[in-house]
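Summary of structural features
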Amino acid sequence: MKNFYNLNDIKDINQSIDEILDIKNNIGKYQKIFDDKIIGLIFFNPSLRTRMSTYKASKNLGLEPFFINISNNTWSLEFEDGKIMDSSNVEHIKDAARVISNYCDIIGVRSFPLLKSKENDAEDQIIKSFIKYSNIPVFNMESSIAHPLQALTDLVTIKENSKVKKPKVLLTWAPHIKPLPHAVPNSFVRAMKKMNFDISIANPKGFDLDPTISKGLKINNDQLDAFKGVDFVYAKNWSSFENYGKVSSNYNDWIVDEKKMAKTNNAKFMHCLPIRRNLVATDNVIDSEQSLIIDQSENRTYTAQYIIKKLLKNG
Ligand code: CP
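Residues numbered from 1 in each chain as written. Predicted model: local features only at pLDDT ≥ 70, side-chain atom pairs only at ≥ 80, totals over all residues. Heavy atoms only, no water.

1. Focus: the packing of helix α6 (residues 148-161) against helix α12 (residues 293-314)
Quick reminder of the rule: Convention adopted: a line fitted to C-alpha atoms gives each axis, helices being fitted over their contacting stretch, and angles between N-to-C directions are expressed from 0 to 180 degrees. Comment: elements are numbered from the N terminus, with helices defined as DSSP H or I runs of at least four residues and strands as E runs of at least two. Each crossing gets its hand from how the near helix is turned against the far one by less than a right angle, where anticlockwise is left-handed and clockwise is right-handed. By definition, residues are in contact when any of their heavy atoms lie within 4.5 Å. Residues were grouped as follows: Ala, Val, Leu, Ile, Met, Phe, Trp, Tyr, Cys and Pro as nonpolar; Asp, Glu, Lys and Arg as charged; and all remaining residues, including Gly, as polar.
At a minimum axis distance of 8 Å, the contact between α6 and α12 shows a crossing angle of 120°. Considering how the two elements wind past one another, α6 and α12 form a crossing that is right-handed. Contacts between α6 and α12 involve Leu149, Gln150, Leu152, Thr153, Asp154, Val156, Thr157 and Glu160 on the former and, on the latter, Asp295, Gln296, Asn299, Arg300, Thr303, Ala304, Tyr306 and Ile307. Tallied by class, the residues present in the contact of α6 with α12 amount to 6 nonpolar, 6 polar and 4 charged.

Written out as structure tokens, the structure is:
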């Protein structure tokens, strides 16, 4: 694996999960193996978990993390090829990526979509430009359309908590006040398909995911019906794909509550966080014994450690 852009970069997903769990259970075995290397962590957008878990993973491996918050403490970047740079952007990605490659041994990039143009967001220009122009490995810390570190972590968390080999997993849309990206649900569905888990999706009409992602899956517009008998409930909001980037306040009854969870097979509750309490899910669900949200955030460190180690060993 030269770069980690999405889950397709992983050849053997089961082996990856086993290795991540080995890191978790034998953390001493994986300490300080890359002394004197520098990891650049480039953020175009806010983060708590990704920022802290990649920091911790880097320190565990013996790497020195260097955070770059674009537009905040560095020059604003231009991504368009051939552009006459007479507007606000100061430095072209062609130059910046090669300069960063001189100072670092590996870089992670977080860049959200603008949610204005489906076509532009699908190009995933920022991370793909870093991959194109960098001379070192690049990994995705959530791009316009993919969040593979989160999805791989979610697989590990399901593996740890599933009583059966092929669990029934429901990805349910939940309410939100702001237009949110599709990166998390896209990568979650991709992960479930890779494992051949019994995955279904519940969302209101008009909120189907990109059909290339949800192809072949059952999409239920009746949320209560969708909860019946499932082993895992993964809640997430996403803005409309069809009416691109739009939100609606018409579906606040899609909140995940105890009544809906009672329809499941004593299901575990999952969310990538941050979660807006009592809008996406009730306090009672989030704080219940069935909730795995804190386990998911803990596992982010081991997944990051696995990916960084793999990229540096191969690079
Ligand atoms: N789940 C996740 O990626 O969290 P952050 O946005 O806080 O990094």
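2. Things to note about the sheet that holds strand β6 (residues 138-140)
Sheet strands pair by backbone hydrogen bonding; their relative direction is either parallel or antiparallel. In plain terms, the rule: By the convention used here, strands pair only if DSSP detects at least 2 bridges between them.
The strand order across the open sheet formed by 4 strands is β2-β1-β5-β6, and the pairing between neighbours is parallel. Edge positions in the sheet fall to β2 (64-69) and β6, since each has one partner strand and no second. On average, each strand axis in the sheet is inclined to that of its neighbour by 20°, with strand direction left out of account. Here strand β5 (residues 106-110) runs beside β6; their pairing, made up of 3 bridges, is parallel. Each bridged residue has a counterpart across the sheet, and for isoleucine 107 the counterpart in β6 is valine 138. Helix-sheet contacts for helix α5 (residues 125-133) involve β1 (38-43), β5 and β6, and the interaxial angle to β6 is about 160°.

3. So, the environment of lysine 94
You can see lysine 94 is positioned in helix α3 (residues 93-103). As a C-alpha pair, lysine 94 and glutamate 80 span 14 residues in sequence and 9.8 Å in three-dimensional space. Once residues within four sequence positions are removed from consideration, lysine 94 is found in contact with Asp81 and Tyr133.

4. Digging into the domain arrangement of the protein
Note the cut-off: Marked domain ranges trace back to an automatic or database domain assignment. Once two parts are brought into contact, the accessible area they lose, counted with a 1.4 Å probe and summed over both, makes up the buried area. Think of a salt bridge as a Lys or Arg side-chain nitrogen and an Asp or Glu carboxyl oxygen that are within 4 Å of each other. Each polar contact in these results corresponds to two N or O atoms within 3.5 Å; when the atoms are within protein, one needs to be able to donate a hydrogen and the other to accept it, and residues that are neighboring in sequence are counted only if both atoms are side-chain atoms.
What the domain assignment lists for the protein is domain 1 (7-146 + 297-312) and domain 2 (149-296). Look at where the C-alpha atoms of domain 1 and domain 2 centre, and you get two points 25 Å apart. Domain 1 puts 33 residues into the contact, and the matching count from domain 2 is 33 residues. Carbon and sulfur atoms make up 64% of the surface buried where domain 1 meets domain 2, a total of about 2800 Å² over both sides. Contact with domain 2 buries area across many residues of domain 1, yet Leu7, Leu115 and Lys118 alone supply 25% of it, more than any other trio. Inspection of the domain 1/domain 2 interface yields 2 salt bridges. Across the pair aspartate 18 and lysine 159 runs a salt bridge, and its minimum N-O distance is 3.6 Å. Joining domain 1 to domain 2, the criterion identifies 17 residue pairs in polar contact (both at pLDDT 80 or more). At the level of elements, α1 (13-25), α4 (118-123), β6 and α12 are the ones that each hand at least two residues to the side of domain 1 that touches domain 2. Top contributing element to the side of domain 1 that touches domain 2 by residue count: α12, with 8 residues.

5. With respect to the environment of serine 16
Test applied: With a 1.4 Å probe rolled over the protein chains alone, any residue whose accessible area is under 20% of its type maximum counts as buried; one over 50% counts as exposed, and the rest are partly exposed.
Relative to the helices and strands, serine 16 resides in helix α1. Residue class for serine 16 comes out buried when judged on its relative accessible area of 2%. Each C-alpha atom, one on serine 16 and one on threonine 303, is 8.9 Å from the other, the two residues being 287 residues apart in sequence. The residues contacting serine 16, other than those within four sequence positions of it, are Ile10 and Tyr306.

6. Quick word on helix α7 (residues 183-195)
Test applied: In this scheme, a helix's expected span is set at 1.5 Å multiplied by one less than its residue total.
Over its 13 residues, α7 extends 19 Å from the first C-alpha to the last, a length consistent with the 18 Å expected when each residue adds 1.5 Å. For α7, a buried count of 10 out of 13 residues is recorded, marking the element as mostly surrounded by other parts of the structure. In the core, the buried residues of α7 are packed alongside α1, α6, β7 (168-173), β8 (198-202), α8 (211-214) and β10 (232-236). Immediately downstream of α7, the backbone of asparagine 196 shows phi near 60°, a positive value.

7. Thoughts on the pairing of β1
Quick note on the threshold: By convention, a crossover is right-handed whenever its connection, traced from the first strand over the helix to the second and viewed with the strands pointing away, goes clockwise.
Burial runs high along β1: 5 of the 6 residues are buried. Strand direction decides the pairing type here: β1 and β2, joined by 6 bridges, are parallel. Across the sheet, the residue bridging to isoleucine 39 is proline 65, located in β2. Taking the sense of rotation as the criterion, the β-α-β connection linking β1, helix α2 (residues 49-61) and β2 turns out right-handed.

8. Brief notes about the site of the ligand
Put simply, the rule is: Residues are counted as near a molecule or strand when any one of their heavy atoms sits within 4 Å of it. Areas reported as accessible are Shrake-Rupley estimates using a 1.4 Å probe. Residue values count occlusion only from the protein chains shown.
Taken together, Ser47, Leu48, Arg49, Thr50, Arg110, His147, Gln150, Cys272, Leu273 and Arg300 form the complete shell of residues around the ligand. Here an oxygen atom of the ligand and a side-chain polar atom of serine 47 are 2.6 Å apart. Note that a nitrogen atom of the ligand is positioned 3.0 Å from one of the backbone N or O atoms of leucine 273. Calculation on the ligand without its partners gives an accessible area of 260 Å², and the protein chains cover 94% of this total. Grouping the amino acids of the shell around the ligand by side-chain chemistry returns 3 nonpolar, 4 polar and 3 charged. Both domain 1 (7-146 + 297-312) and domain 2 (149-296) contribute no fewer than three residues apiece to the shell around the ligand.

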